[in-house]
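Given next are the chains, with one letter for each unit.
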Amino acid sequence: RLCFPPASAVSGCNNTSFDHEKLTVAMLKDDVHAMMLRIIFVCRITMAAAVPPIHTIRQAIAACGVDDVEVVLGQTHAQRMATDMFDNDFDSCMDKTVDELTNDFKSYATLTIAQGRITINPGIKRRITALIQWARDQICTGRDPQLIPFSVLDAVALVTRMKSHDRYLKDASKMLDAAKPKPFTNDVKWDDWEQTFQNYLRFIPGANGIPLTYIIRENPVPDETPRPDFMDEYVHMAPLVGVSYSEDNLKVLTLLNNFIVGNDRAEGAIKAINTLTDGRVAFFALKHHYEGEGILQIKVTAAEKTIKDLFYAGEKPPHMWWVKFEQELNNAYTIIHKESRREVFDDDAMKLRNLQQKIKADFLQTAKVAIDTELVKIPMTMTYQTAMKIYRNAVQQKFPHGETRTTIPRRGVQEINQGGRHGGRGRGGGRGNRRNDRRNDNNGNNQRNYRDHEIIILRNGQRIKYHASYRFTAKEMQQMTDGQKERLFRER
């Protein structure tokens, strides 16, 4: 009785619509029956809400402006195009070319009225073209097009994106030979070779047109962070499962095995994992073999040493050592945070105290005392970034004509680390090189000469001047890392 109310009380439950009079009578007759009816009612509503709506390609074509009301030869125009052109399947958009689409439109236009002629105007053509690119975007980023309605408001941007992707596919083969890394022999450093190998994979489209870089991305979980380049979104969001992934994964393994032929150490690292198909596992086996894993990674150890030993003792004109000091310290914190998957130095007070211990320049003592005074206040409002800015401004006031962000050789790091003993100009330096570096841009033209520019290193190892106001070539943009692109996008 408690579990099953009388049939007369729940007779209205067989239909999705309730008889309110029966429901009211049941509630008055028996509180238990009323409770059961309410449970059944709530369950039905919950189940209905849990099922997401399914969006079909026919609906998407209708949204593009194709008639889906009038029936001709047993089908509406939208229904017919969805069947003939796309087999009622969004996956068919992955292989649908613009030429095939144009031929389909022409074939419909040449039919007689009795045969079911369909006339497509330029606006509808553009929107259907955009629909194809939209479906590709959803599939390449691991989303199901059936669960997301297509919006024609993004048609112009989608068509532009399709053209950009077509250019990538066309130009990739031309760039492949130039980007091809040297064989990874015993004499080649892993850090250098890994960067060129990743850059090489970027010019190899996978089965779905995604750069093969996605196979060896660090994070196996899709990262939905917006990026200025949609190809980077593909790389960071592509699913690491499925038929296309398996095909691409095997291709990466084949490339790796070809590049390490003769390198006994590398071959042994891959043989140890005993795989014949998994390029991703093989790549990270190599990476962990040469770099270490987790907190034992070489770069993590180096970052920890930097945080411990780095200090600032003053400028050495014409080089501005403060810039290198700030970059090295911030990069060390970034590496520790990235590899630990969490904010290890998340306490600003800890970073501030560490920074204060590293400032040993006499001319910064006034600023240092002022910051120390702020550290004892309750509540403390001073932040690590603010302290860095105070010191940076003090350095620039002291040395207003210095090159604050030009190329600083690696020896500069040694000079500002505790225990460094030797300085000097070194080989290959001198004023001529610095003067030429300041006056000429990356292509030898007298354009990129902002005093506060930086030198960044691209994927292919090329060093170029960077400033948010500079205009970079298409090749330079392609060679920039994700972080460099994100920074440029943010600063502009």
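Residues numbered from 1 in each chain as written. Predicted model: local features only at pLDDT ≥ 70, side-chain atom pairs only at ≥ 80, totals over all residues. Heavy atoms only, no water.

**Considerations on the overall build of the protein chain**
Part 1 of the argument: Each helix and strand counted, the protein chain has 21 helices and two strands in total.
Part 2 of the argument: Counting the 492 residues in the protein chain, one finds 41% classified as buried.
Part 3 of the argument: Long-range pairs, those at least 24 residues apart, make up 64% of the contacts in the protein chain between residues at least 6 apart in sequence.
Part 4 of the argument: When the accessible surface of the protein chain is split by element, carbon and sulfur atoms take 54% of a total near 28100 Å². (Helix = DSSP H or I, 4+ residues; strand = E, 2+ residues; numbered from the N terminus. Buried < 20%, exposed > 50% of the residue type's maximum accessible area, 1.4 Å probe, protein only. Contact = heavy atoms within 4.5 Å. Areas by Shrake-Rupley, 256 points an atom, 1.4 Å probe, with all protein chains shown as cover.)

**Overview of the nonpolar core**
Part 1 of the argument: In terms of nonpolar packing, the biggest core is built from 40 residues, with Phe197, Leu201, Tyr214 and Leu286 touching the most fellow members.
Part 2 of the argument: Every element with two or more residues in this core is listed here: helix H6 (122-140), helix H7 (155-179), helix H8 (190-202), helix H9 (230-237), helix H10 (243-259), helix H11 (264-271) and helix H12 (279-291).
Part 3 of the argument: When neighbours within four sequence positions are excluded, Leu201 is seen to be in contact with Pro211, Leu212, Thr213, Ile216, Val252 and Leu255.
Part 4 of the argument: In terms of nonpolar packing, the next biggest core, distinct from the first, is built from 29 residues, Ile61, Met85, Tyr108 and Phe150 among them. (Core = buried A, V, L, I, M, F, W, Y, C linked by side-chain atoms within 4.5 Å.)

**Re H11**
Part 1 of the argument: Among all positions of H11, only Ala266, Ala269 and Ile270 are buried. Relative to the axis of H11, the buried residues are bounded by an arc of 95 degrees and lie together on one face. The exposed residues of H11 that point more than 90 degrees off its buried face are Asp264 and Lys271.
Part 2 of the argument: Against H10 and H12 lie the buried residues of H11. (Arc of directions from axis to C-beta.)

**Things to note about the pairing of strand S1 (residues 454-457)**
Part 1 of the argument: Direction of pairing for S1 relative to strand S2 (residues 463-466): antiparallel, over a ladder of four bridges. Paired with Glu454 across the strands is Tyr466, a residue of S2. (Pairing = 2+ DSSP bridges.)

**Structural notes on the environment of Arg265**
Part 1 of the argument: Relative to the helices and strands, Arg265 is located in helix H11.
Part 2 of the argument: Placed 25 residues apart in sequence, Arg265 and Tyr290 show a C-alpha to C-alpha distance of 9.5 Å.
Part 3 of the argument: In terms of polar contacts, Arg265 uses its side chain to reach the side chain of His289, at 2.9 Å. (Polar contact = N/O pair within 3.5 Å; in protein donor to acceptor, adjacent residues only side chain to side chain.)

**A few points about the packing of aromatic side chains**
Part 1 of the argument: One pass over the structure, following the stated rule, counts 22 aromatic pairs.
Part 2 of the argument: Aromatic ring contacts, followed pair by pair, group Phe184, Trp190, Trp193, Phe197, Tyr200, Phe259, Phe283, Phe284 and Tyr290 into a single cluster. (Phe/Tyr/Trp six-rings, centres within 6.5 Å; stacked < 30°, edge-to-face > 60°.)

**Looking at the side chain of Lys96**
Part 1 of the argument: Its place among the elements puts Lys96 in the loop between helix H4 (77-86) and helix H5 (98-109).
Part 2 of the argument: Here the side chain of Lys96 touches Asp104 through a polar contact of 2.6 Å, side chain to side chain.

**Describing the environment of Val221**
Part 1 of the argument: When you line up the elements, Val221 lands in the loop between H8 and H9.
Part 2 of the argument: Under the relative-accessibility criterion, Val221 is labelled exposed at 51%.
Part 3 of the argument: Each C-alpha atom of the pair Val221 and Leu240 lies 8.4 Å from the other, and the pair is 19 residues apart in sequence.

**With respect to the pattern of salt bridges**
Part 1 of the argument: Counted according to the given criterion, the structure contains 17 salt bridges.
Part 2 of the argument: A salt bridge links Glu194 to Lys287, with the shortest nitrogen-to-oxygen separation between them at 2.8 Å. One end of the pair, Glu194, is in helix H8; the other, Lys287, is in helix H12, with 93 residues separating them in the sequence. Assigned by exposure class, Glu194 and Lys287 land together as buried. (Salt bridge = Lys/Arg side-chain N within 4 Å of Asp/Glu carboxyl O.)

**What to know about unusual backbone geometry**
Part 1 of the argument: Cis geometry marks the peptide bond from Ile378 to Pro379, where omega comes out at -5 degrees.
Part 2 of the argument: Mapped onto the fold, Pro379 is located in the loop between helix H16 (365-375) and helix H17 (384-398).
Part 3 of the argument: Of note in the backbone geometry, Leu73 takes a positive phi value of approximately 55 degrees without being a glycine.
Part 4 of the argument: Along the chain, Leu73 falls in the loop between helix H3 (57-63) and H4.
Part 5 of the argument: In the Ramachandran plot, Asn274 falls in the positive-phi region, its phi being about 55 degrees despite a non-glycine side chain.
Part 6 of the argument: Note that Asn274 resides in the loop between H11 and H12.

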